[in-house]
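Descriptive analysis of the structure
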Amino acid sequence: MSESTRRVLVDPSGLRASALTPPVSKSDAQRALVLGHLTGAWPLPSVQAEADEDLPADVRVLRRGVEALRLPAGPVRDVDCADGGAPFRILATQVAVTPGAHVRLTGTPRLGERPHGPLFTALRDALGAAGLTLVEGTPWPVELKAPTDTSSMTSAFRVPGAQSSQYASSLLLGCAALFLRERRAWSVDIEGTLTSAGYLELTVSWLRRFGFDIQESPSRYTVAGYTAPPSVPALPGDWSSLGYLLLIAWKAQGAVERADPDSAHPDQAILRLIEQVGLRAVPEGPAHTMKVQGRLSGGLRASGTECPDLLPTLAALACVLPAPSTLTEVGILRVKESDRLEGIRTLVAAYGGTTDLQGEVLRIQPPAAPPPRFEMDSRGDHRLAMTAATLSVLSGTPLVLTGPECVEKSFPGFWRQLSRAGVRISEHP
């Protein structure tokens, strides 16, 4: 649970049409930052162009970690990853493949509870004989000291596909670093079915955009070559954040900006998923501006295997639909910044709906009528906070939210965007 006691009242009674803008995509930015560091495109122009206060906290964390790796060899460096699972996992591999790097990684208790063992095992198995030192605290710190020479090692990492695709993404970015140093192919072998495969494809997309030759087979990804690109790729808007904004803009009869329909981000699936319930996103005005049209009908179905970060957003939409909805493969939600599966069930109950969980399948039954007001604790989880606010806007029902500041992790300007759409946010005793 969140330790925050700050509460705000979210009042959506004054909605107005406006153009809403997401932050840069933290998933894209994290990959691009590492690749910019490896290929000499540092500092990354697209990140430099953003004001620090508008950058997602996870992007700032990863940037600090990369900056520590760029310092001359010397004493052990300390990097606080806060609650960022992706920054922690990406940085762990980058430390391990940077000759002579010595870094202590720390984070929140919740980050320490999340599973990292498969990544650590993969690093030890591939680089341990070369001299990699990886010492785990209980849970902090995690201290890594990289070998100075890996040229005699078998050039492959092996990692299970279950739990998280972040392990494979982290290792593949490590392969890029090793290829540039050794000029020999490095691979990631994935054992079993890969969870959230779209995020690994996003990693592959960024590697290719930065000039890397990636060879793919059903269970192996290989960095096999590199040619410097003519320019540094720009960063897109964040499709996870656009999931909230598209629904809010539909309700307010406004539009969203920075919505690139050709993005490789898995959460771009929101465009297809909302069509199940009578909504459709259409181009509006300037490039990458969209408006959502239509009337709600039926129920929806979505899978955590495809787009786990969208499931809370879709749960909010499910609460205002005229028919029940079904979310499948929901177990992955238990190991996020909070137990998001229980968070979704708590939100639905607070709004007056019901849920039925059978194994990996969650069925959401909307209430017959919305309550006059509902309350929610964000549990320190940015997605639960923004999901609750989205439900408030969709339903027109005021929300009392505990812990609103956690949105800094991925969308620091979220409350400013709601204010732009006419939502009033005020302190609540």
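Residues numbered from 1 in each chain as written. Predicted model: local features only at pLDDT ≥ 70, side-chain atom pairs only at ≥ 80, totals over all residues. Heavy atoms only, no water.

**Here we look at the nonpolar core**
In this structure, Phe157, Leu172 and Phe212 are the most contacted members of the largest nonpolar core, which totals 70 residues. Of all the elements, helix 7 (residues 166-182) adds the most residues to this core, at 11 residues. In this structure Phe212 touches Leu35, Thr39, Ala176, Leu180, Leu207, Val223, Gly225 and Tyr226, once residues within four positions along its chain are discounted. Trp250, Leu321, Val393 and Cys406 belong to the second-largest nonpolar core, a separate cluster that totals 66 residues. (Core = buried A, V, L, I, M, F, W, Y, C linked by side-chain atoms within 4.5 Å. Buried < 20%, exposed > 50% of the residue type's maximum accessible area, 1.4 Å probe, protein only. Helix = DSSP H or I, 4+ residues; strand = E, 2+ residues; numbered from the N terminus. Contact = heavy atoms within 4.5 Å.)

**Some thoughts on the packing of aromatic side chains**
For the coordinates displayed, the defined rule picks out nine aromatic pairs. Seen from their ring centres, Phe88 and Phe120 are 6.1 Å apart, and the 75° between their planes marks the pair as edge-to-face. Residue Phe88 is located in helix 4 (residues 85-96), and its partner Phe120 is located in helix 6 (residues 117-127); the two are separated by 32 residues in the primary sequence. Considering the side-chain rings of Trp206 and Phe210, the 6.1 Å spacing of their centres and the 40° angle between planes classify their relative orientation as tilted. Here Trp206 matches Phe210 in class, with each residue buried. (Phe/Tyr/Trp six-rings, centres within 6.5 Å; stacked < 30°, edge-to-face > 60°.)

**Topic: the pairing of strand 12 (residues 279-283)**
Note that strand 12 and strand 13 (residues 290-294) share five bridges and pair antiparallel. Paired with Arg280 across the two strands is Gln293, which belongs to strand 13. (Pairing = 2+ DSSP bridges.)

**Side note on empty space enclosed by the protein**
Overall, the coordinates contain two cavities of 30 Å³ or more when judged by the stated rule. Of the pockets and cavities examined, the largest cavity occupies roughly 350 Å³. Around the largest cavity, the lining is made up of 26 residues, and of these Ala86, Arg114, Gln166, Asp309 and Lys336 lie nearest the centre. Mapped onto the lining of the largest cavity, the elements with two or more residues apiece are helix 1 (26-39), helix 4 and helix 13 (382-395). (1 Å grid on protein atoms, 1.4 Å probe; cavity = no way out; pocket = protein on both sides within 12 Å on 5 of 7 lines; lining within 4 Å. Points joined across faces, edges and corners; volume = space filled by probe spheres on them.)

**Examining the packing of helix 1 against helix 3 (residues 57-69)**
Packing of helix 1 against helix 3 leaves a shortest axis separation of 9 Å and a crossing angle of 15°. On the basis of their axis angle, the class for helix 1 and helix 3 is roughly parallel. Helix-helix and strand crossings are classified by hand; for helix 1 and helix 3 the assignment is right-handed. For the pair formed by helix 1 and helix 3, the contact residues are Lys26, Ala29, Gln30, Leu33, Val34 and His37 on the first element and Asp58, Val59, Leu62, Arg63 and Val66 on the second. (Axes fitted to C-alpha atoms, helices over the stretch in contact; angles between N-to-C directions. Parallel < 35°, antiparallel > 145°, perpendicular 65-115°, else oblique. Left-handed = near helix turned anticlockwise from the far one by under 90°.)

**Brief notes about the pattern of salt bridges**
Inspection of the entire model under this criterion finds 27 salt bridges. Ionic pairing is found between Asp78 and Arg104, a salt bridge with its closest N-O pair at 2.7 Å. Placement of the pair is Asp78 in strand 3 (residues 77-80) and Arg104 in strand 4 (residues 102-106), with a sequence separation of 26 residues. Under the relative-accessibility criterion, Arg104 is labelled partly exposed at 25%. In this structure, the salt-bridge partner of Arg383 is Asp309, at a minimum N-O distance of 3.8 Å. (Salt bridge = Lys/Arg side-chain N within 4 Å of Asp/Glu carboxyl O.)

**Comments concerning the pairing of strand 7 (residues 156-160)**
With five bridges connecting them, strand 7 and strand 8 (residues 186-191) associate as parallel partners. Looking at the pairing, Val159 lines up with Ile190 of strand 8. A crossover links strand 7 with its parallel partner strand 8, the connecting element being helix 7, and its sense is right-handed. (Right-handed = clockwise from strand over helix to strand, strands pointing away.)

**Some details on the sheet that holds strand 20 (residues 424-427)**
Across the sheet, which stays open at both edges, the four strands sit in the order 18-19-1-20 with mixed pairing between neighbours. Looking at which strands have only one partner, the edges of the open sheet turn out to be strand 18 (374-377) and strand 20. Across this sheet, the average inter-strand angle for adjacent strands is 25°, counted without regard to direction. Sheet topology note: the strand 1 (residues 7-11)/strand 20 ladder contains four bridges and is antiparallel. Following the sheet pairing, Val8 is matched in strand 20 by Glu427.

**Topic: helix 3**
Taking 1.5 Å per residue, 13 residues should reach 18 Å; helix 3 reaches 19 Å between its end C-alpha atoms and fits that length. Here helix 3 lies mainly inside the structure; 11 of its 13 residues are buried. When helix 3 is considered as a whole, its buried residues turn out to be Ala57, Asp58, Val59, Arg60, Val61, Leu62, Arg63, Gly65, Val66, Ala68 and Leu69. Along its buried surface, helix 3 packs onto helix 1, helix 2 (45-48), strand 3, helix 4 and strand 4. (Expected span 1.5 Å × (residues − 1).)

**Looking at the side chain of Thr402**
Looking at where Thr402 falls in the secondary structure, it is placed in strand 19 (residues 399-402). What Thr402 contacts, discounting residues up to four positions off in sequence, is Ser4, Thr5, Arg6, Arg7, Met376, Asp377 and Ser378.

**Thoughts on the state of the cysteines**
Enumeration according to the criterion identifies zero disulfides in this entry. Unpaired in this structure, Cys81 has its nearest cysteine sulfur neighbour in Cys406, at a distance of 19 Å. Free of any disulfide, Cys307 has its nearest cysteine sulfur in Cys319, 17 Å distant. Cys307 gets classed as buried once you look at its relative accessible area, which sits at 0%. (Disulfide = S-S within 2.5 Å.)

**Remarks on the side chain of Asp11**
Relative to the helices and strands, Asp11 resides in strand 1. One polar contact links Asp11 to Ser13, side chain to side chain, over a distance of 2.9 Å. (Polar contact = N/O pair within 3.5 Å; in protein donor to acceptor, adjacent residues only side chain to side chain.)

**Considerations on helix 12 (residues 340-351)**
Compared with an ideal rise of 1.5 Å per residue, which puts 12 residues at 16 Å, helix 12 spans 16 Å between its outermost C-alpha atoms and is within 8% of the ideal. Every buried residue of helix 12 is accounted for by Arg340, Leu341, Gly343, Ile344, Leu347, Val348 and Tyr351. In a view along the axis of helix 12, the buried residues occupy a sector of 160°, so they form one face of it. On its buried side, helix 12 packs onto helix 11 (311-318), strand 16 (354-358), strand 17 (361-365), strand 18 and helix 13. A distance of 3.2 Å separates the backbone nitrogen of Leu341 from a side-chain oxygen at the start of helix 12, and that oxygen is part of Asp339. Gly352 sits one or two residues past helix 12 and shows a positive phi near 100°. (Arc of directions from axis to C-beta.)

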